[in-house]
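Coordinate analysis (summary)
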Amino acid sequence: MSINPLTNGQPLRELLSGDARQLAPLLLGAVLTHESRDGAVSVRLTEVEAYLGPEDSLHPDPGSHTYRGPTPRNAPMFGPAGHLYVYFTYGMHHCTNIVCGPEGTASALLLRAGEIVAGTDVARRRRTTSKSPADLARGPARLAKALGLTTADSGRDALAPPFGLVLPPRPVPSVSSGPRVGVSGAGGSDQYSWRFWITGDPTVSQYKAAKPRAARPPAAGPRMGGPAA
DNA sequence: TTCACGATTGCCT
DNA sequence: GGCAATCGTGAAC
């Protein structure tokens, strides 16, 4: 078995215990696999974002879920590297992170987009609204959906069955970076250019800024745990 | 206990 | 290009 030049023979989990911002470009081109009852899907990662924990006093990350410290939801981010942190957002979407850094720190890489390289039919069943193959995992919520991941998978080990993570045999030829998207406030500014993607890849997500929520809903009755069906 | 909002997506015009 | 959908989370009271 040949030594991967990216890891220099280093075990993958040990590699993932490093700095998320340095790991991000290395994970581009890596293939994440999830095998479940309805089939296995493999995604080649084309876009990721780094998030740091509160323990990094030099770079406090206001865009991170762990900015205010550990909670039951973000607990996996403080766990060992190589595990998944999956969270639920906007009342309907799941987003997937791979935990990085040494245990006790809370850095992670958000998987923003990828290309389905195996199990396309399974991914298509899960992503019935996708029109083209490139759309199947273009966007963090789409990627989670294509892989069949939910919060039930948060905290599970991405390096052990039914998951699997394989780095590319060689670095991707060209990596771009820029400010993270969808992160409000300072965490989304140029100061945090921790979004990395494969230059020119068609599956890199095209983010549409969320519409700023109206300061106050129209006076159409009390808010009873969400909009009436 | 209440309330505002989010690391987004897909439908509609 | 604009906007509604939808609910878990955590801060505020």
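What you are looking at is a predicted structure, and each value in this text was computed from that prediction instead of being measured. (Residues numbered from 1 in each chain as written. Chains lettered and ligands numbered in written order. Predicted model: local features only at pLDDT ≥ 70, side-chain atom pairs only at ≥ 80, totals over all residues. Heavy atoms only, no water.)

**Looking at the pattern of salt bridges**
- Summed over all chains, the structure comprises twelve salt bridges.
- Of the charged contacts in the structure, one is a salt bridge between D19 and R21, with a shortest N-O distance of 2.7 Å.
- When its relative accessible area of 28% is taken as the criterion, D19 is described as partly exposed.
- By relative accessible area, R21 is classed as buried at 19%.
- A salt bridge links D38 to R126; the shortest N-O distance between them is 2.8 Å. With D38 in the loop between strand 1 (31-36) and strand 2 (39-51) and R126 in helix 3 (residues 120-126), this residue pair connects regions lying 88 residues apart in the sequence. (Salt bridge = Lys/Arg side-chain N within 4 Å of Asp/Glu carboxyl O. Buried < 20%, exposed > 50% of the residue type's maximum accessible area, 1.4 Å probe, protein only. Helix = DSSP H or I, 4+ residues; strand = E, 2+ residues; numbered from the N terminus.)

**Concerning the packing of aromatic side chains**
- Going through the model one piece at a time under the given rule, you end up with two aromatic pairs.
- Taking 5.7 Å as the distance between ring centres and 35 degrees as the angle between the ring planes, the aromatic pair formed by Y85 and Y87 counts as tilted.
- Overall, the relative accessible area of 1% leaves Y85 in the buried class.
- Given the relative accessible area of 12%, Y87 is considered buried.
- Both rings, one in Y192 and one in W194, keep their centres 5.0 Å apart while their planes meet at 85 degrees; by these two values the pair is edge-to-face. With respect to burial, Y192 and W194 carry one shared label: buried.
- For R195, the ring lying beneath its charged end belongs to W197, and the centroid distance is 4.4 Å. (Phe/Tyr/Trp six-rings, centres within 6.5 Å; stacked < 30°, edge-to-face > 60°. Lys NZ or Arg CZ within 6 Å of the ring centre and 35° of its normal.)

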